[in-house]
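So you can see what is in the structure, the chains are spelled out below.
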Amino acid sequence: MREEKKLTLWERYLTKEIGIEFKACLYFFAILFFVCVFRMINGTFSVSIAHMAEMIFTCYIIGYMQVFLFGNFDEADTLGLREYAGVTVCTLLYCGVSVLGGWLDRKVLATLIFAAYILLTYVCVILIYRSKRRIDDKKLNEELKLFQTEHKKSE
Amino acid sequence: MKIDIQKIAGGEESIVIRYIEPNPVVERVVELLSNKERKLWGKTSEGNECISLDDVLFLESVDDRVFAYTKEKVLQIDGSLNSFTADICDECFFRCSKSMVININKVVSLKSLSSNRIDATMDGGEHIMISRRYASEFRRLLKGDR
């Protein structure tokens, strides 16, 4: 067996940080899309840069919460109490910030639809990660069988 | 046991083993030299035993002691996981976490988990976690990229 190449602390931090930034980008674009559609329906064809800055910072901070407080629930293998709590708290936080920042002009109905939209986004992301892992399972098992066959041949 | 090593200027290299009664140490040396089936020696509650390396499912380090697990037996072996992997020099034995080494040939199926971890189901039904730290190396090994 060859010497293992261990990840350094910096590499491990970077891996986690990239994961959080990826999440922030993903949810930022999902929220931006919703806000753009909302504004278009209301006859406005522009979005405030300040709102966009608020969105990306919110997504980034909530991304940290998702990873460090709620067990990275959108990538979780199984959904438990902690994960459901995470989905609820993060959705409420997004809605709270949207009201404070006036992203949706503080309209109650729009905020409720926004909450449903965030929940739907989380469900979609959870399902996407799940199907990604299923595909990965197949690939891993194929490679395992190949490895075992080749090793038995060489013995 | 006395060990007598002599350097010779020429001729064929040879090893002479002198014993009074056959014993595990002598058998182990003979097997090692004759390059027979790879075996692993260890202690069980019934005394010293030897198993084929191919039967080992995984090795686990618990409180500075290393145990080798087969379907039927658990043996306590000398040394550490590091010394085992260094001595064996076999890609089939993979260090999958700080305290475990698995025999890849005894893995029945793999399951991808979140955070890039892998769950390996062994021949005996045990589930062993390949930690995130070792999972990338494991994937490379399976692909033959290592």
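Trainee: Tell me about the overall build of chain A, and name the residues and values.
Mentor: Scanning chain A from terminus to terminus reveals four helices and zero strands. Going from the N terminus to the C terminus, chain A shows its helices and strands as α-α-α-α. Its C-alpha atoms give chain A a radius of gyration of 20 Å, more than 25% over the compact-globule value 15 Å for 155 residues. With the C-alpha coordinates of chain A rotated into their principal frame, the extents come out at 70 × 35 × 30 Å. Put simply, chain A has 155 residues, and 19% of those count as buried. Put simply, 59% of the contacts in chain A that link residues at least 6 apart link residues at least 24 apart.

Trainee: Quick one: what's the story with the overall build of chain B, residue by residue and with numbers?
Mentor: Looking only at helices and strands, chain B has three helices and 10 strands in total. When the helices and strands of chain B are placed in sequence order, the string is α-β-β-β-β-β-α-β-β-β-β-β-α. Radius of gyration (C-alpha) of chain B: 18 Å, far over the 15 Å computed for a compact globule of 146 residues. Of all 146 residues assigned to chain B, the portion counted as buried reaches 22%. Sequence separation of at least 24 residues holds for 33% of the intrachain contacts in chain B that already meet a minimum separation of 6.

Trainee: I'd like a description of the environment of Asp74(A), backed by residues and values.
Mentor: Residue and element names in this part refer to chain A. For Asp74, the location among the structural elements is in the loop between α2 (49-68) and α3 (81-101). A tally of 25 C-beta atoms within 10 Å means that Asp74 is categorised as buried. With sequence-adjacent residues up to four places away left out, Asp74 is seen in contact with Gln66, Tyr122, Val125, Ile126 and Tyr129.

Trainee: Hey, could you go over the interface of chain B and chain A for me, with residue numbers and the actual values?
Mentor: A common measure of how large an interface is: the accessible area buried when the components associate. Taken together, the contact pairs 26 residues of chain B with 20 residues of chain A. Residues of the side of chain B that touches chain A, tallied by class, amount to 12 nonpolar, six polar and eight charged.

Trainee: Explain the packing of α2(A) against α3(A) to me, and be specific about the residues and the numbers.
Mentor: Residues and elements named next belong to chain A. The geometry of α2 relative to α3 is characterised by a closest axis approach of 11 Å and an angle of 160° between their N-to-C directions. With respect to α3, the element α2 is oriented roughly antiparallel. For the pair α2 and α3, the crossing hand works out as right-handed. In this structure, α2 uses His51, Glu54, Thr58, Ile62, Met65 and Gln66 to contact α3, whose residues at the interface are Gly86, Cys90, Leu93, Tyr94, Val97 and Gly101. Considering only residue class, the contact of α2 with α3 consists of six nonpolar, five polar and one charged.

Trainee: Report on the nonpolar core, specifying residues and quantitative values.
Mentor: Grouped together as the largest cluster of nonpolar side chains are 27 residues, with contacts concentrated most on Leu59(B), Cys96(B), Val101(B), Ile102(B) and Phe138(B). Contributions of two or more residues to this core are made by β3 (58-62), β4 (65-69), β6 (93-97), β7 (100-103), β8 (107-112), β9 (118-122) and α3 (132-143) of chain B. Among all residues touching Leu59(B), those that are not within four sequence positions of it are Val66(B), Phe67(B), Ala68(B), Leu81(B), Phe84(B), Met100(B) and Val101(B). Tyr94(A), Leu104(A), Ala110(A) and Tyr122(A) belong to the second largest nonpolar core, which has 17 residues in total.

Trainee: Describe the environment of Leu9(A), and please don't skip the residues or the numbers.
Mentor: Among the structural elements, Leu9(A) can be located in helix α1 (residues 9-41). The spatial distance from the C-alpha of Leu9(A) to the C-alpha of Phe68(A) is 17 Å, given a sequence separation of 59 residues.

Trainee: I'd like a description of the pairing of β8(B), backed by residues and values.
Mentor: Residues and elements named next belong to chain B. Bridge analysis of β8 against β9 gives five bridges, and the strand direction is antiparallel. Residue pairing for β9: Val107 is matched across the bridge by Met122. Taken together, β8 and the strand that follows it, β9, pair antiparallel across an intervening segment of five residues, in which Ser115 is found at a positive phi of about 60°.

Trainee: Talk me through the confidence of the model for chain B; I want residue IDs and the actual numbers.
Mentor: On average, residues of chain B score 86 in pLDDT, and 97% of them are at 70 or above. Reported for the predicted complex are a pTM of 0.74 and an ipTM of 0.72.

Trainee: Account for α2(A), naming residues and giving values.
Mentor: Note on helix geometry: an α-helix contains 3.6 residues per turn, so any two residues three or four positions apart are oriented the same way. Residue and element names in this part refer to chain A. Spanning 20 residues, α2 covers 29 Å between terminal C-alpha atoms, matching the ideal 28 Å at 1.5 Å per step. The complete set of buried residues in α2 reads Met55, Thr58, Cys59, Ile62, Gly63, Gln66 and Val67. One side of α2 holds all its buried residues, which, seen down the axis, span an arc of 160°. Exposed side chains of α2 directed beyond 90 degrees from the buried face belong to Ile49, Ala50, Ala53 and Phe68. Its buried side turned inward, α2 meets α1 and α3.

Trainee: Break down the sheet that holds β9(B) for me, citing the residues and quoting the values.
Mentor: All names here are of chain B. The strand order across the open sheet built from three strands is β8-β9-β10, with neighbouring strands paired in antiparallel fashion. Each edge of the sheet is formed by a strand with only one pairing partner; in this case those strands are β8 and β10 (127-130). Going across the sheet, the axis of each strand differs from the next one's by a mean of 25°, ignoring polarity. Where β9 and β10 come together, four bridges link them in antiparallel fashion. Within the sheet, the bridge partner assigned to Ile118 lies in β10 and is Ile130.

Calculation criteria
- Residues numbered from 1 in each chain as written.
- Chains lettered and ligands numbered in written order.
- Predicted model: local features only at pLDDT ≥ 70, side-chain atom pairs only at ≥ 80, totals over all residues.
- Helix = DSSP H or I, 4+ residues; strand = E, 2+ residues; numbered from the N terminus.
- Rg over C-alpha atoms; globule rule 2.2 N^0.38 Å.
- Buried ≥ 20, exposed ≤ 12 C-beta atoms within 10 Å, placed from the backbone.
- Contact = placed C-beta atoms within 7 Å.
- Nonpolar A, V, L, I, M, F, W, Y, C, P; charged D, E, K, R; others polar.
- Axes fitted to C-alpha atoms, helices over the stretch in contact; angles between N-to-C directions.
- Parallel < 35°, antiparallel > 145°, perpendicular 65-115°, else oblique.
- Left-handed = near helix turned anticlockwise from the far one by under 90°.
- Core = buried A, V, L, I, M, F, W, Y, C linked by C-beta atoms within 7 Å.
- Pairing = 2+ DSSP bridges.
- pLDDT = per-residue confidence, 0-100.
- Expected span 1.5 Å × (residues − 1).
- Arc of directions from axis to C-beta.

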